[in-house]
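The chain contents come next:
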Amino acid sequence: MTARERIAGNVANYVDERTGAAAWMKKNLQKVFPDHWSFMLGEIALYSFVILLLSGTFLTFWFDPSMRHVVYEGSYQPLKDVEMSAAYASTLHISFDVRGGLLMRQIHHWAALIFMAAIVAHLMRVFFTGAFRKPREFNWILGIGLLTLGIVEGFLGYSLPDDLLSGTGIRIAHAIIQSLPVVGTYLSFFAFGGAFPGEVFMPRIYIVHVLILPGIFLALIAAHLMLVWYQKHTQYPGPGRTEKNVVGYPLMPVYMAKAGGFFFIVFGITALLGAVASINPIWLYGPYNPAQISAGSQPDWYMGWLDGLVRMAPPIETYIFGHTISWNILIPGLIIPGILFTGMALYPFIESWMTGDKGEHHLLDRPRNVPNRTALGVMSLTFVLITLINGGNDIIATHFDLTINQIMWFSRIGVIVLPPLAFVITKRICLSLQRRDRELVLHGKETGRLVMLPHGEFIEVHEELSAGKKYSLTQHVQPQAIALVTEDRQGVLNPKGIRAKIQARLSKANAENIAKPTATELKELESGHH
Amino acid sequence: MPNELEPLADPGLPEHIHRRADTDPIAAKRAERQVAVLFSLSAAGTLLFFYSFFFIKEDLFVFIPVIGSTNAQQLGIGLGVAFGLLFIGFGAVHWAKTLMPDQEVIAYRHTMRSAEEDRSEFVKAVKVGAEEAGLGRRPLIKRSLFAALGLAGLPAVVMLRDLGPLPGNSLNETSWKTGTRLVTDPGDRPIKASDLEVGGVAQVMPELAPGKERHLEDIAKDAVLLIRLRPSDFQLDAERLSWTHEGIIAFSKICSHMGCAVALYEQTTKHLLCPCHQSTFDVTRAAKVIFGPSARPLPQLAITADADGYLIAKQPFTEAVGPSFWERKS
Amino acid sequence: MKFISKYRRHKFATPVLLLIALSALGFTFSAATAAPNQSAAAASARSTLIEEGKEIFLKGCSSCHGLNAEGAAIAPALIGVGAASVDFVVATGRMPMQDMSQQAMRKAPVYNEEEVAALAAYVASLAHGPRAYTNEEIKWERDGNTAEGGELFRNNCAMCHNFAGQGGALTQGKYAPTVMGVEARHIYEAMITGPQAMPVFNDKIITPQEKLSIIKWIKSAEAEPALGGAALGRVGPVTEGLLVWTLGLGLLIGIAVWLTAKAR
């Protein structure tokens, strides 16, 4: 035994005698993880979270969350002797008078944007492949929770420097709180310690941003990962892959090296962005003053869709018995997002009700094989994209020679007309792709080689797919529609009534697929092959 | 059409294809060297960081294509950290890809559902435990317990009462009173009617009493926009017209939608645009909303001139300024 | 031909073709929308500045602004706009307008300095109006205060021209142009005359001293290096969000594809 082996043995013994760790370590060091690039999107989010914790902690050593007034005495000349809050001044101090301060600020903010983008990309992957189905519905809900909290955390984070752009965002958030019926004015005065902007809002959101929300994040992320660990990761269908196994690489050493390496890569790319691309140049925005505003004021991208919704809202307020209800704020600011996020969170249950599918699933769907779900997803993306575009309508107008009025009207009408259109088009495309798969399995791949037959006809030679590929294209289970039972043999009506009818109709739409080729069809073809 | 009968059979995992480094020791050595180079590049990056941090002057700027002229120290520190991290990652991944075993491994899933006897034992344990607690048989305990728990949670909420004062009437009041002089913002200079040209705009605040300071909370309600048109441009009723002075009209600058500063004035169209959500207001018709999500016009401030010719407020605002709220009457 | 058919099914064929097509489209578009190179109008026999200006006016401006600058349906009257207006709009190339759109665009000036001065003298002779300025007399470097200028800019200008003077959208296709790369005298004249949709900021509302500070701040913002890295247009979170999805997540996904691909 070498010296190194002896020492390692002693350490392992020491730990095991106190924790019994060998038992669960032996199992988990060999845990198998399927390998696909689309499974790394969640990892990007996770690593970005770690980067946020590290860079954020650095920033807290210099940031002063106070709104008391100071006169700027730092090195950025264009703001010399200007009155501003201590929060803004300390952010300027970090940016210009702390070596590496601006880099860390930028790494922190880029990491936040990447965090949200990765969450959205990961959500799309999980949605389009059906990874949210039983037994993973609860993990999906955790994910939606992380998405929602991420939006809030990011908003609070970039509001901390108290600059003109983020202060405007706070003004708008304040208006949303204030517009709430009955309790709005009380809540806003409690939140801001009085009239807007007050002096306590920054210190309060600071604690939410650095303590409360990160704590909740850690808990939710831990639960999210533990579920993935225990339930084992899903995998794409393919030869050798079944609902009862996981095919991939063991945690040690391959997965550790790849995932660990990927952490360094994500950190490195984020640092690279922080080094070469300026983000949130608060010294140009100036300190927040409620009487000032900049043209082209937008929130960060993950809130852009909310801004777009508010911009396109019809100007409706109702006045009843001496009270005002601002529908033009409540509907786009709270009601629509509330419906969207609740719908998203409950989607696994909605889908299992629609399809009648109550089974456990560990093999992922190819999006084309579930046209209804894929079309629904594209429809939602279209909605978000249009609202996002409207959120940036003034920047788009100046850069593409359009008018904000045109873009606004395009968005108002488009947001109602385009999503259903996207649904129909996507579903048709999925069905066409299914047809193509069927052709591939039955007739093979085009090779581009032409052959002239003796009687003069030209044909293109087709290459038969390998057995593995044929299997991949036909492994999926095609759903059956739920048979609608309106009354039983005694003539008693179905107690579920209209709900059963709707369910049956939806499941029929869901079962609309191009029949996949069976082994018998293949054999018939081969025997009569040209 | 059901087609689960006779689906295609599973051909099993495809045959493993060996990488060059698996069979050829020279290729393996080459891969090893590549990994070492990548790790060394990381070390070089970290060295760049140290050099930039301690030896590059803080006021040195370099020109980089695409980026522009940027602070050299900041760029050096950033690139140093970035490369230091990035190449460790690239090295580790390259090592795993080329040298570590890439034979696919199969593990088996266990069903999530517990064994039947575990489930029944669990149900039994819960039932026995509940029996022993006796809540079901002792409704008095149950009711008093829930009452106590429910009440005990209330102090946590009530203690938040002192987060802020009650709004009272403050949302309906601003610093503008009868006779308050209009002064420029910034500068605090009082304004005569002749100071403002037709087509001109002035950012305005109420004059401060001597010795007083202007707080942001006041600015958030008091900010006013002063615009001069030709008197013939107005399409106002008699009362609103009396609130103008020689073609000069004053509006609250705080948007009636969500409170941003509405200061974007288009001289040609006589429209005000709020850049936050594009609410557009027609100045000639008392800031009536003609586009966008705002539901109310901007409150108009009645102005006139005092004995010296300086513009003053004729009366306070007749309605609350800023965004709407529940208690707002119209 | 053989080359093309040999690589017809190469896995990079589609991206390369796409790149070629997009580049061709871009170049064609740039070429087609390039402003036509107009030669300056030649002045005829030497006369006084005003007469020279009147000649240039009749040739190049009267078709829209009327023979006596009285205006028409498509162009406003120029009586009383002053030399400042003329110097601003003509020397920045806004006039003559390239097309009858909502707004006059800054472009390469058609008339040289001498011709601009002549036009300005002629229009000034029609009625009293604000005078033109020279860059030398605007001593912004000596008398302006950058920090004060920034405060003034954010209070009076940023709502249209954006926090960094990059410009912004107005209604119905109008826009506040960027104030970067504009001569000091033109910034001054624009404030004084309020061209097109811009309001008038005369010397009582923004004093000459304050105007110098504003110009000094604009020049300092113009000269400010790309602190922290590429400025991404200085228009705020929109371009930052675009970069994150393309260079940020896009790059990371590309790396993830490499990471999970089998080594050779």
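Residues numbered from 1 in each chain as written. Chains lettered and ligands numbered in written order. Predicted model: local features only at pLDDT ≥ 70, side-chain atom pairs only at ≥ 80, totals over all residues.

1. Some thoughts on the overall build of chain A
Alright, step 1. Scanning chain A from N- to C-terminus turns up 19 helices and eight strands.
Alright, step 2. Expressed along its principal axes, the backbone C-alpha trace of chain A runs to roughly 90 × 80 × 65 Å.
Alright, step 3. Once local pairs closer than 6 in sequence are excluded, the contacts in chain A between residues at least 24 apart make up 72%. (Helix = DSSP H or I, 4+ residues; strand = E, 2+ residues; numbered from the N terminus. Contact = placed C-beta atoms within 7 Å.)

2. Structural notes on the overall build of chain C
Alright, step 1. When its secondary structure is counted, chain C shows 12 helices and two strands.
Alright, step 2. Ordering the α and β elements of chain C from the N terminus gives α-α-α-α-α-α-α-α-α-β-β-α-α-α.
Alright, step 3. For chain C, the C-alpha radius of gyration of 25 Å lies well beyond 18 Å, the compact-globule estimate for 264 residues.
Alright, step 4. Principal-axis analysis of the C-alpha atoms places the extent of chain C at approximately 80 × 50 × 30 Å.
Alright, step 5. The buried share of chain C, reckoned over its 264 residues, is 46%.
Alright, step 6. A fraction of 66% describes how many contacts in chain C between residues 6 or more apart in sequence connect residues 24 or more apart. (Rg over C-alpha atoms; globule rule 2.2 N^0.38 Å. Buried ≥ 20, exposed ≤ 12 C-beta atoms within 10 Å, placed from the backbone.)

3. Overview of the confidence of the model for chain C
Alright, step 1. Scored by pLDDT, chain C comes out at a mean of 89, with 95% of its residues at no less than 70.
Alright, step 2. Across residues 38–46 of chain C, where pLDDT falls below 50, the model places 11 contacts with residues more than four positions away in sequence or in other chains. (pLDDT = per-residue confidence, 0-100.)

4. A word on the sheet that holds strand S9 (residues 271–273) of chain B
Residue and element names in this part refer to chain B.
Alright, step 1. Pairing in this open sheet of four strands is antiparallel, and the strands run S8-S9-S10-S11 from one edge to the other. Looking at the sheet topology across the chains shown, the edges are occupied by strand S8 (264–266) and strand S11 (288–291). On average, adjacent strands in this sheet sit at an angle of 35° to one another, irrespective of strand direction. (Pairing = 2+ DSSP bridges. Axes fitted to C-alpha atoms, helices over the stretch in contact; angles between N-to-C directions.)

5. What about helix H3 (residues 72–98) of chain B?
Alright, step 1. When the terminal C-alpha atoms of H3 of chain B are compared, their 37 Å separation across 27 residues agrees well with the 39 Å that a helix rising 1.5 Å per residue should span.
Alright, step 2. Counting buried residues along H3 of chain B, 26 of its 27 residues qualify, which places the element largely inside the surrounding structure. (Expected span 1.5 Å × (residues − 1).)

6. Some details on the environment of Leu-41 of chain B
Residues and elements named next belong to chain B.
Alright, step 1. Note that Leu-41 resides in helix H2 (residues 25–55).
Alright, step 2. Given 16 C-beta atoms within a 10 Å radius, Leu-41 is considered partly exposed.
Alright, step 3. Each C-alpha atom of the pair Leu-41 and Arg-19 lies 25 Å from the other, and the pair is 22 residues apart in sequence.

7. A few points about the pairing of strand S5 (residues 201–206) of chain B
Residue and element names in this part refer to chain B.
Alright, step 1. Burial within S5 is extensive, with six of its six residues counted as buried.
Alright, step 2. Taking every second residue as pointing to the same face, both faces of S5 are buried, with Val-201, Gln-203 and Met-205 on one and Ala-202, Val-204 and Pro-206 on the other.
Alright, step 3. Pairing analysis gives three bridges linking strand S4 (residues 182–184) to S5, with the strands arranged antiparallel. Residue pairing in the sheet places Val-183 in a bridge with Met-205 of S5.
Alright, step 4. Examined bridge by bridge, S5 and strand S6 (residues 224–228) share four bridges and lie antiparallel to one another. Its bridge partner lying in S6, Val-204 is registered against Val-224.

8. Re the packing of helix H10 (residues 251–276) of chain A against H3 of chain B
Alright, step 1. Relative orientation of the contacting elements H10 of chain A and H3 of chain B amounts to 160°, with a least axis distance of 7 Å. Classified by the angle their axes make, H10 of chain A and H3 of chain B are roughly antiparallel. In terms of crossing hand, the pair formed by H10 of chain A and H3 of chain B is left-handed.
Alright, step 2. Broken down by class, the residue content of the contact of H10 of chain A with H3 of chain B amounts to 22 nonpolar, six polar and one charged. (Parallel < 35°, antiparallel > 145°, perpendicular 65-115°, else oblique. Left-handed = near helix turned anticlockwise from the far one by under 90°. Nonpolar A, V, L, I, M, F, W, Y, C, P; charged D, E, K, R; others polar.)

9. A closer look at the domain arrangement of chain C
Residue and element names in this part refer to chain C.
Alright, step 1. Its domain assignment divides chain C into domain 1 (49–126) and domain 2 (140–223).
Alright, step 2. For domain 1 and domain 2, the distance between their C-alpha centroids amounts to 23 Å.
Alright, step 3. In this assembly, 13 residues from domain 1 lie in contact with 12 residues from domain 2. (Domains from an automatic or database assignment.)

10. Concerning the nonpolar core
Alright, step 1. Counting 259 residues, the largest nonpolar core has Leu-226 of chain B together with Leu-119 of chain C as the members making the most contacts within it.
Alright, step 2. Every residue in contact with Leu-226 of chain B, bar those within four places of it in the chain, is listed here: Leu-182, Leu-196, Val-201, Ala-202, Val-204, Ile-248 and Ala-250 of chain B.
Alright, step 3. Residues Ala-375, Leu-376, Ala-422 and Cys-430 of chain A belong to the second largest nonpolar core, which totals six residues. (Core = buried A, V, L, I, M, F, W, Y, C linked by C-beta atoms within 7 Å.)

11. Observations regarding the interface of chain B and chain A
Alright, step 1. Listed per partner, the contact involves 80 residues of chain B and 94 residues of chain A.
Alright, step 2. Mapped by element, the contributors of at least two residues to the side of chain B that touches chain A are H3, strand S3 (105–108), helix H6 (216–222) and S11 of chain B.
Alright, step 3. Looking at the side of chain B that touches chain A, the element that brings in the most residues is H3 of chain B, giving 16 residues.
Alright, step 4. In the side of chain B that touches chain A, the residues fall into 54 nonpolar, 15 polar and 11 charged.
Alright, step 5. Pairing analysis gives four bridges linking strand S4 (residues 245–250) of chain A to S3 of chain B, with the strands arranged antiparallel. Paired with Val-247 of chain A across the two strands is Ile-106 of chain B, which belongs to S3 of chain B.

12. Points about the domain arrangement of chain A
Alright, step 1. Segmenting chain A into domains produces domain 1 (1–30), domain 2 (38–356) and domain 3 (366–478 + 513–530).
Alright, step 2. One C-alpha centre belongs to domain 1 of chain A, the other to domain 2 of chain A, and the line joining them spans 41 Å.

13. Quick notes on the interface of chain C and chain B
Alright, step 1. Facing the 31 residues of chain C at the interface are 36 residues of chain B.
Alright, step 2. Take the side of chain C that touches chain B: its biggest share by element is four residues, from helix H8 (residues 146–156) of chain C.
Alright, step 3. In terms of residue class, the side of chain C that touches chain B is made up of 17 nonpolar, nine polar and five charged.

14. Considering unusual backbone geometry
Alright, step 1. A cis amide bond links Asp-185 of chain B with the next residue in sequence, Pro-186 of chain B, at an omega value of 0°.
Alright, step 2. In this fold, Pro-186 of chain B is placed in the loop between S4 and S5.
Alright, step 3. In this structure, Pro-96 of chain C follows Met-95 of chain C across a cis peptide bond, with omega equal to -5°.
Alright, step 4. Along the chain, Pro-96 of chain C falls in the loop between helix H5 (82–91) and helix H6 (113–126).
Alright, step 5. Positioned with a positive phi, Gln-278 of chain B is a non-glycine residue whose angle comes to about 65°.
Alright, step 6. Here Gln-278 of chain B shows up in the loop between S9 and strand S10 (280–282).

15. Section: the environment of Glu-199 of chain A
Residue and element names in this part refer to chain A.
Alright, step 1. Mapped onto the elements of the fold, Glu-199 is located in the loop between helix H8 (184–192) and helix H9 (201–231).
Alright, step 2. The partly exposed category is assigned to Glu-199, around which 17 C-beta atoms lie within 10 Å.
Alright, step 3. In this structure, the C-alpha to C-alpha distance between Glu-199 and Gly-391, residues 192 residues apart in sequence, is 30 Å.
Alright, step 4. Glu-199 has contacts with Met-67, Arg-68 and Gly-193, leaving out every residue within four places of it along the chain.

16. Notes on the packing of helix H3 (residues 41–60) of chain A against H10 of chain A
Residue and element names in this part refer to chain A.
Alright, step 1. Between H3 and H10, whose axes approach to 9 Å, the crossing angle comes to 60°. Comparing the axis directions of H3 and H10 gives the class oblique. The interaxial crossing formed by H3 with H10 has right-handed handedness. Contacts between H3 and H10 involve Glu-43, Ile-44, Tyr-47, Ser-48 and Ile-51 from the former and Ala-259, Phe-262, Phe-263, Val-266, Phe-267 and Thr-270 from the latter.
Alright, step 2. Here the residues of the contact of H3 with H10 are counted per class, giving eight nonpolar, two polar and one charged.

17. Here we look at the sheet that holds S3 of chain B
Alright, step 1. Within the open sheet, the three strands sit side by side as S1(A)-S4(A)-S3(B). Their pairing is antiparallel. Each edge of the sheet is formed by a strand with only one pairing partner; in this case those strands are strand S1 (32–33) of chain A together with S3 of chain B.
Alright, step 2. Taken strand by strand, H10 of chain A contacts S1 and S4 of chain A, and its axis lies near 75° from that of S4 of chain A.

18. As for helix H7 (residues 164–179) of chain A
Alright, step 1. Over its 16 residues, H7 of chain A runs 22 Å from end to end, which matches the ideal 22 Å to within 8%, given 1.5 Å per residue.
Alright, step 2. Within H7 of chain A, 16 of the 16 residues are buried, leaving the element largely enclosed by the surrounding structure.

19. Topic: the pairing of S11 of chain B
Residue and element names in this part refer to chain B.
Alright, step 1. Strand direction decides the pairing type here: S10 and S11, joined by three bridges, are antiparallel. Bridging across to S11, Asp-282 finds its partner in Lys-288.
Alright, step 2. Hairpin connection between S10 and S11: a loop of five residues separates the two successive antiparallel strands, and Ala-286 in this loop has a positive phi of roughly 55°.

20. Some remarks on the environment of Leu-17 of chain C
Alright, step 1. With respect to the helices and strands, the residue Leu-17 of chain C is situated in helix H2 (residues 13–33).
Alright, step 2. Expressed as a C-alpha distance, the spacing of Leu-17 of chain C and Ile-215 of chain C, which sit 198 residues apart in the sequence, is 48 Å.

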